[in-house]
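Below, each chain spelled out in residue letters.
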Amino acid sequence: MRNYPIHIGSSALKELSLFLEEAAYTQILVLADTLTHKHCYPHLQAHIPPHQVQLIEPGEIHKNLATCTLLWQAMTDLRLDRRSLVINLGGGVIGDMGGFVASTYKRGIDFVQVPTTLLAQVDASVGGKLGIDFEGYKNHIGLFCEPQGVFIYPAFLQTLPEAELHSGFAEVIKHHLIADETGWEQLQHLTQLEAGDMEGLIRHSIQVKEDIVAQDPQEKGLRKALNFGHTIGHAIEGDLLQQGKPILHGEAIAIGMVAESWISSARGLLSPNGLQTITHYLHSLYPPLTIDLSRKEILFDRARNDKKNIGAEVNCTLLDGVGKVKVNQAITQEEMTASLQFWNASIAP
């Protein structure tokens, strides 16, 4: 990225060690959840100088102000000063919330991202978007603030359950659909995901994101391309979380990408064949979750509260053919409902 380094590969943790030697922070706090502490922290521990560890419970349900309050209190009790560093060791929840907490503590202290999930390695850890959920709305409270560095150690992916690997892969698919038509044709041949084969895809996704973010760091226009699948996907994810029926982020985004592809096709932007190939590939990787359309008004209202909307409109990023997008495309409730009807019909036996 323009303002901070991203290290990818087997030497990433060694690069973190060198970074910490040069930076000479007064204190270091490692933020992890109980799972990343068990599976990933032992790999990290030897590469960092004396430090404190703060644990939280895993899961999107804990990405809220109550957890932030606990973390700010812990940082205060540890007397972290403004020359301290937070190391976020975890997936999207840890990276988004840990960065948010660090960036607001004492008006901001440094943090670095050490992402441990595919979702975080290909998307959430880069770009400087931080935040927490609020009242069921995804990343509703937050800010833009860049880390001092991102250290991506692909071997951490070996610790992931298969469903988590698939969840992160949804963002890989998104990056191909919005920016790489040739790569999308090749990606469709990948039907069995192996954690050890992801480094090239991680690099590809980060390059796509870097190219976009460099042109629009504050998400005024082009960066909204990265929102493809997320307006409808976040509405579904937030609604199910609020109902106590959480699904993985990538599972929701897969539905959102099919739905927003259908709208793209209905408007003549995406060919019927393009819609068919996208739908078929996503069905091959993600669960056939039926959307309860009796909640269509609730879902549209959630989408209306998306951060990227203007006024009362619900704005989506639509595909203008594979590899190209149109941002800030207002959709109606009828279009959103019809797109979810298409999803439900496409998974019917």
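Structure's up top.
Overview of the structure. (Residues numbered from 1 in each chain as written. Predicted model: local features only at pLDDT ≥ 70, side-chain atom pairs only at ≥ 80, totals over all residues. Heavy atoms only, no water.)

## A short note on the overall build of the chain
Here is the rule: Note on conventions: DSSP H or I runs of at least 4 residues are helices, E runs of at least 2 residues are strands, and numbering of each starts at the N terminus. The reference for a compact globule is 2.2 Å times residues^0.38; the radius of gyration itself is calculated from the C-alpha atoms. Any two residues whose heavy atoms approach within 4.5 Å are treated as being in contact. Residues scored as charged are limited to Lys and Arg (positive) and Asp and Glu (negative), so that His and the chain ends carry no count. By convention, the charge on Lys lies at NZ, on Arg at CZ, on Asp at CG and on Glu at CD.
A count of helices and strands for the chain gives 14 helices and 10 strands. Expected size for 349 residues packed as a compact globule is a radius of gyration near 20 Å; at 20 Å, the chain falls within 12% of this value. Considering only C-alpha atoms, the chain reaches an extent of 55 × 40 × 35 Å along its principal axes. When contacts within the chain are restricted to residue pairs at least 6 apart in sequence, long-range pairs at least 24 apart make up 77% of them. Mean positive and mean negative side-chain charge positions of the chain (27 and 39 charges, respectively) differ by 6 Å.

## Topic: the nonpolar core
It is characteristic of soluble globular proteins that their nonpolar side chains tend to be buried jointly. Counted only if it meets this: Only buried Ala, Val, Leu, Ile, Met, Phe, Trp, Tyr and Cys residues count toward a nonpolar core, and they belong to the same one when joined by side-chain atoms within 4.5 Å. Accessibility here uses a 1.4 Å probe with only protein chains present; expressed as a share of the type maximum, an area under 20% marks a residue as buried, one over 50% as exposed, and anything in between as partly exposed.
Within the largest apolar cluster, 64 residues are counted, with the highest numbers of intra-cluster contacts made by F169, I173, L177, I202, I236, M336 and L340. Ranked by residue count, the leading element in this core is helix α11 (residues 249-266), at eight residues. Discounting residues that sit within four places of it in the chain, I173 has contacts with W184, L187, M257, Y281, L282, L285 and Y286. In terms of nonpolar packing, the next biggest core, distinct from the first, is built from 21 residues, F19, C40, I87 and L89 among them.

## Examining the pattern of salt bridges
Defined as follows: Criterion for a salt bridge: a side-chain nitrogen of Lys or Arg within 4 Å of a carboxyl oxygen of Asp or Glu.
All chains considered together, the criterion is met by 13 salt bridges. With its nearest N and O atoms 3.2 Å apart, the salt bridge here joins K138 to E237. One end of the pair, K138, is in strand β7 (residues 137-144); the other, E237, is in helix α10 (residues 230-242), with 99 residues separating them in the sequence. With a relative accessible area of 10%, K138 lands in the buried category. When the shortest N-O distance is used, the salt bridge between R267 and E335 registers 2.8 Å. One end of the pair, R267, is in the loop between α11 and α12 (272-283); the other, E335, is in helix α14 (residues 333-347), with 68 residues separating them in the sequence. Linked by salt bridges that have partners in common, E60, K63, D96, K138 and E237 make up one network.

## Looking at the side chain of K209
The cut-off we apply is this: N or O atoms closer than or at 3.5 Å make up a polar contact, with two conditions inside protein: a donor-capable atom paired with an acceptor-capable one, and, for residues adjacent in sequence, both atoms drawn from side chains.
In this structure, K209 sits in helix α9 (residues 199-215). For K209, a relative accessible area of 6% puts it in the buried group. Polar side-chain contacts of K209 include one of 2.9 Å to the backbone oxygen of V126.

## Some thoughts on the packing of aromatic side chains
For clarity, the cut-off: By convention, a stacked pair of Phe, Tyr or Trp rings (six-membered ring in the case of Trp) has centres within 6.5 Å and planes under 30 degrees apart, an edge-to-face pair has planes over 60 apart, and any other such pair is tilted. Look at NZ for Lys and CZ for Arg. If either is within 6 Å of the ring centre and within 35 degrees of the ring normal, a charge sits over the ring.
Using the criterion set out here, one finds five aromatic pairs in the structure. With 6.1 Å between their ring centres and 55° between their planes, W72 and F100 make a pair best called tilted. Within this pair, whereas W72 is found in helix α4 (residues 65-77), its partner F100 is found in helix α5 (residues 92-104), the two being separated by 28 residues in sequence. Relative accessible area serves as the criterion here: at 7%, F100 is assigned to the buried category. Taken together, the aromatic side chains of F19, Y25 and F151 make up a single cluster linked through ring pairs. Lying over the aromatic face of Y137, R302 brings its terminal NZ or CZ to 5.2 Å of the ring centre.

## Let's talk about a positive patch on the surface
As a reminder of what qualifies: Residues enter patches when they are more than 30% accessible in relative terms and free of salt bridges; like-charged ones are connected within 9 Å and nonpolar ones (Val, Leu, Ile, Met, Phe, Trp, Tyr) within 5 Å. Only the protein chains shown count as cover for residues, with accessible areas throughout obtained via the Shrake-Rupley method and a probe of 1.4 Å.
Together, R79, R82, K106 and R107 make up a region of like positive charge exposed at the surface. Topologically, R79 is positioned in the loop between α4 and β4 (85-90).

## Focus on α4
How we decide: Here a helix's expected span is defined as the number of its residues, less one, multiplied by 1.5 Å. What the arc measures is the spread of directions leading from the helix axis to the C-beta atoms.
Compared with the 18 Å implied by 1.5 Å per residue over 13 residues, the 18 Å span of α4 between its first and last C-alpha is a close match. Among all positions of α4, only T67, C68, L71, A74 and M75 are buried. Take α4 and look down its axis: the buried residues cluster within an arc of 125°, on one side only. The outward face of α4, more than 90 degrees from its buried face, is lined by the exposed residues A66, L70 and D77. For α4, the elements touching its buried residues are β2 (28-33), β3 (52-56), β4, α5 and β6 (129-134). Of the residues flanking the start of α4, the one acting as N-cap is N64, its side-chain oxygen 3.2 Å from the backbone nitrogen of A66.

## Quick look at α11
Across its 18 residues, α11 extends 26 Å between first and last C-alpha, which sits within 8% of the 26 Å expected from 1.5 Å per residue. Of all 18 residues in α11, 16 are buried, a share of seventy percent or more. Once α11 finishes, G268 follows within two positions and takes phi at roughly 80°, a positive value.

## Digging into the environment of G233
Note that G233 resides in helix α10. Here G233 is in contact with A252, I253, G256 and E260, once residues within four sequence places are set aside.

## Examining the environment of E237
Take E237: its relative accessible area is 4%, and that puts it in the buried class. Sequence-wise, E237 and I87 are 150 residues apart; in three dimensions their C-alpha atoms are separated by 27 Å. Dropping the residues within four chain positions of it, E237 is found in contact with E60, K138, I247, H249 and A252. A distance of 3.0 Å separates polar atoms of two side chains, one belonging to E237 and the other to H249.

## With respect to the packing of α10 against α11
Heads up, the condition is: A fitted line through C-alpha atoms represents every axis, and for helices the fit uses only the stretch in contact; the resulting angles, taken between N-to-C directions, go from 0 to 180 degrees. For classification purposes, angles smaller than 35 degrees are called roughly parallel, those larger than 145 roughly antiparallel, those between 65 and 115 roughly perpendicular, and all remaining angles oblique. Each crossing is labelled by how the near helix is turned from the far one, with a counterclockwise turn of less than a right angle marking it left-handed and a clockwise turn marking it right-handed. Classes in brief: Ala, Val, Leu, Ile, Met, Phe, Trp, Tyr, Cys and Pro nonpolar; Asp, Glu, Lys and Arg charged; the others, Gly included, polar.
Running from N to C, α10 and α11 point in directions that differ by 135°, and their axes come no closer than 7 Å. With respect to α11, the element α10 is oriented oblique. Like other packed secondary-structure pairs, α10 and α11 cross with a definite hand, here right-handed. Taking contact as the criterion, the partners of H230, T231, I232, G233, H234, I236 and E237 in α10 are, on α11, H249, A252, I253, I255, G256, A259, E260 and I263. Residue classes in the contact of α10 with α11 are distributed as seven nonpolar, six polar and two charged.

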